[in-house]
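# Observations on chain architecture
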Amino acid sequence: MHLLRVSAALLSVALQTSMRYRLDFALQGLMALVWLGWTLAPLLLVFGERPSLGGWSLDQALLVMAFFIALKGIMEAFIQPNLQQVVEHIRRGTLDLLLVKPADAQLLISLGRVEPASLVQLLGGAALAVVACQRLHLTPQPLHILAALALLGGATCILYSVWLIAVSAAFWFVRVDNLANLFEAIFDAARWPASAFRGWVRAVLTFVIPVLLMTSWPAMALLGQLDLPQIALALTLALAFLLLARLAWRTALRHYTSASS
Amino acid sequence: MRHPLRIAAALLRVGVAEALVYRAQIIIWMLATTLPLVMLALWTTLAAEGPLQGYSEDTFIAYFLATILVRHLSECWAVWAINEEIRAGSLTLRLLRPLHPLWAYAGQVLGDRPLRLAIILPLVGLAFLLHDGPDLTADPLHWLAFPVAVAGAWLLQFAVHVLIGALAFWTEQSLALWSVWFGLWALLSGYLVPADLLPRWLQHLNAWLPFHAMLGLPVEIALGRIPAHDLLPHLALQAAWCLLLGAAALALWSRGVRRFEAYGA
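Residues numbered from 1 in each chain as written. Chains lettered and ligands numbered in written order. Predicted model: local features only at pLDDT ≥ 70, side-chain atom pairs only at ≥ 80, totals over all residues. Heavy atoms only, no water.

Further remarks concern the packing of helix H4 (residues 57-74) of chain B against helix H9 (residues 140-166) of chain B. Residue and element names in this part refer to chain B. At their nearest, the axes of H4 and H9 sit 9 Å apart, and the two run at 55° to each other. Relative to H9, H4 is oriented oblique. Where H4 crosses over H9, the two elements pack in a sense that is right-handed. Here Val 70, Leu 73 and Ser 74 of H4 lie close against H9, whose contacting residues are Phe 146, Val 150, Ala 153, Trp 154 and Gln 157. Here the contact of H4 with H9 is composed, by residue class, of six nonpolar, two polar and no charged. (Axes fitted to C-alpha atoms, helices over the stretch in contact; angles between N-to-C directions. Helix = DSSP H or I, 4+ residues; strand = E, 2+ residues; numbered from the N terminus. Parallel < 35°, antiparallel > 145°, perpendicular 65-115°, else oblique. Left-handed = near helix turned anticlockwise from the far one by under 90°. Contact = heavy atoms within 4.5 Å. Nonpolar A, V, L, I, M, F, W, Y, C, P; charged D, E, K, R; others polar.)

Chain A puts 26 residues into the contact, and the matching count from chain B is 33 residues. Roughly 2,600 Å² is buried in total at the junction of chain A and chain B, and carbon and sulfur atoms are behind 70% of that figure. Summed over the shared surface of chain A and chain B, the result is six residue pairs in polar contact (both at pLDDT 80 or more). Among the secondary structure elements, those contributing two or more residues to the side of chain A that touches chain B are helix H2 (22-49), strand E1 (52-53) and helix H8 (177-187) of chain A. Broken down by element, the side of chain A that touches chain B gets its largest block of residues, eight residues, from H2 of chain A. The residue inventory of the side of chain A that touches chain B, partitioned by class, reads 17 nonpolar, four polar and five charged. (Buried area = accessible area lost by both parts, 1.4 Å probe. Polar contact = N/O pair within 3.5 Å; in protein donor to acceptor, adjacent residues only side chain to side chain.)

Moving on to the environment of Ala 70 of chain A. All names here are of chain A. Considering the arrangement of structural elements, one finds Ala 70 in helix H3 (residues 58-92). For Ala 70, a relative accessible area of 7% corresponds to the buried category. Taking C-alpha positions, Ala 70 is 7.3 Å from Leu 123, a pair spaced 53 residues apart along the chain. Those residues in contact with Ala 70 that sit more than four places away from it in its chain are Gln 121, Leu 122 and Gly 125. (Buried < 20%, exposed > 50% of the residue type's maximum accessible area, 1.4 Å probe, protein only.)

Quick look at the packing of H9 of chain B against helix H14 (residues 228-258) of chain B now. All names here are of chain B. Their axes nearest at 9 Å, the elements H9 and H14 cross at an angle of 25°. With respect to their mutual orientation, H9 and H14 come out roughly parallel. Crossing geometry of H9 relative to H14 is assigned as left-handed. Residues that form the contact of H9 with H14 fall into these classes: 22 nonpolar, four polar and no charged.

Among the nonpolar cores identified, the biggest contains 148 residues, and Phe 187, Trp 192 and Phe 197 of chain A together with Trp 43 and Phe 60 of chain B are the most heavily contacted of them. Among the nonpolar cores identified, the runner-up in size contains 19 residues, and Ile 82, Ile 86, Leu 102 and Trp 253 of chain B belong to it. (Core = buried A, V, L, I, M, F, W, Y, C linked by side-chain atoms within 4.5 Å.)

Here the structure, examined in full by the defined rule, presents two cavities of 30 Å³ or more. Estimated volume of the largest cavity: approximately 80 Å³. In terms of lining, the largest cavity is formed by Leu 151, Gly 154, Ala 155, Ile 158, Leu 213, Met 214, Trp 217, Ala 234, Leu 237 and Ala 238 of chain A. Elements represented by at least two residues in the lining of the largest cavity include exactly helix H7 (142-173), helix H10 (211-222) and helix H11 (228-254) of chain A. Broken down by element, the lining of the largest cavity gets its largest block of residues, four residues, from H7 of chain A. In this structure, the second largest cavity occupies an estimated 30 Å³ of space. Forming the boundary of the second largest cavity are Pro 42, Leu 45, Val 46 and Trp 192 of chain A together with Met 39, Trp 43, Leu 187, Leu 192 and Val 193 of chain B. Among the secondary structure elements, those contributing two or more residues to the lining of the second largest cavity are H2 of chain A together with helix H3 (35-47) of chain B. A per-element tally of the lining of the second largest cavity places H2 of chain A first, with three residues. Residue composition of the lining of the second largest cavity, by class: nine nonpolar, no polar and no charged. (1 Å grid on protein atoms, 1.4 Å probe; cavity = no way out; pocket = protein on both sides within 12 Å on 5 of 7 lines; lining within 4 Å. Points joined across faces, edges and corners; volume = space filled by probe spheres on them.)

Here we come to the packing of aromatic side chains. All names here are of chain B. One pass over the full model with this rule turns up 18 aromatic pairs over all chains. The interplanar angle of 75° and the centroid separation of 5.7 Å between the aromatic rings of Phe 169 and Phe 260 together place this pair among those described as edge-to-face. Here Phe 169, found in helix H10 (residues 168-171), pairs with Phe 260, found in the segment after H14; they are 91 residues apart in sequence, far enough to count as distant. Relative accessible area serves as the criterion here: at 14%, Phe 260 is assigned to the buried category. Of the aromatic side chains, those joined through ring pairs into one cluster are Trp 43, Tyr 55, Phe 60, Tyr 63 and Phe 64. Positioned over the ring face of Tyr 191 is Arg 71, at 4.9 Å from the centre of the ring. The cationic tip of Arg 225 hangs over the ring face of Tyr 55; the distance from NZ or CZ to the ring centre is 4.0 Å. (Phe/Tyr/Trp six-rings, centres within 6.5 Å; stacked < 30°, edge-to-face > 60°. Lys NZ or Arg CZ within 6 Å of the ring centre and 35° of its normal.)

Dropping the structure here:
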């Protein structure tokens, strides 16, 4: 209960901070919408050449894209701004101020900032999913929707974990903005259905950095193509990633020696 | 004539030394250029069912390998440096030196080329050797045109970086605009998709825009996809864009410097 209260307080402060420059806020929301349209361009280009991509039709691939856009929105709203700030804290030594506060440090660094403008993408992703379902003449069963949402939650956990592990590396390397760049570049592959890839590219993107699972599996769940063991497997994987990230963060904290000392 | 050459050599030496100091950063930065590999995987999946507009699986492999090489040869990151230095006020230091800051940026950017090439050339070379099929052109005329086109591509990149970077004199931060530009560039330059595969109407429009000259042109020259008699018109268009964007960048930069107040410095 205490944990929830702290989380709520952190989020509300973060929201107020990010909405203080109103013009900037509106511009960011607008930009997010423009990006949404642009994200679709490569997909339409590919399907202009061929009616199917690795067994996925355009409308099914739109569903994957919807989950990609939503997940990107979640990442840019909640995950990215926070973890970037931690890196800044580490570089300047102001992390000390957070560490002495009477709450879990991981919680404090994970919910300190929010970019609500990016949530426009979450809405955009939801809208796109509805459009794709309509074009597919698909009325997903409530159970399938539930599974898809659970998998999206799992994907969020994996994303957050990968970021936290990258940030933990910042305790040693100090500058990891490029690491973030690297991850974003890899995450971009998630906009395509998993079976669009073959060979080792697919293996790496499924098992090492499971970006393909994050979007393709929720889409498959919505289409009713996943069974229970697969969903359980994905959620277990998400949990494992969370634990691993927690471990990495604790280990990194133990090695923390502040900036000026 | 000796004097400017000495300055250029010194700038490059400093650039190389700097690149070696931040080598880990540059290597990660290089790894982040995985997009051509992802697109390669995607297009070869599609081409496995049959060639697309004359691009077979093998052509796609050669195309994206060459893309990676050209991208690293013509890569630029000045817009981040300019934004950061304007925002933090450290541009003042550069302005005090008896050398135009743009020369310094150019030297810094070009200084990382040896390190980049030392990593990327063996990889791309090996991949070309392992992959059998149609690949690079054997025509000497094309090989003569290739370095010219790469140099032009880099100049265009640099001009755009300075142009967008200089906007930060007015807006304090122009990286959002940069990402919009990058989105356009990625689609139209041949980075995500060979320009020949764009919809017909977009191809006609794109033929007059600067994007293709910034990446696709040198790549297609290396693959011998541009007929010899078309080389000169293409290079001429590239040169024209270099002049236009270069002049615009210089003009905007000098206006911006005049209103620069070095916040916090």
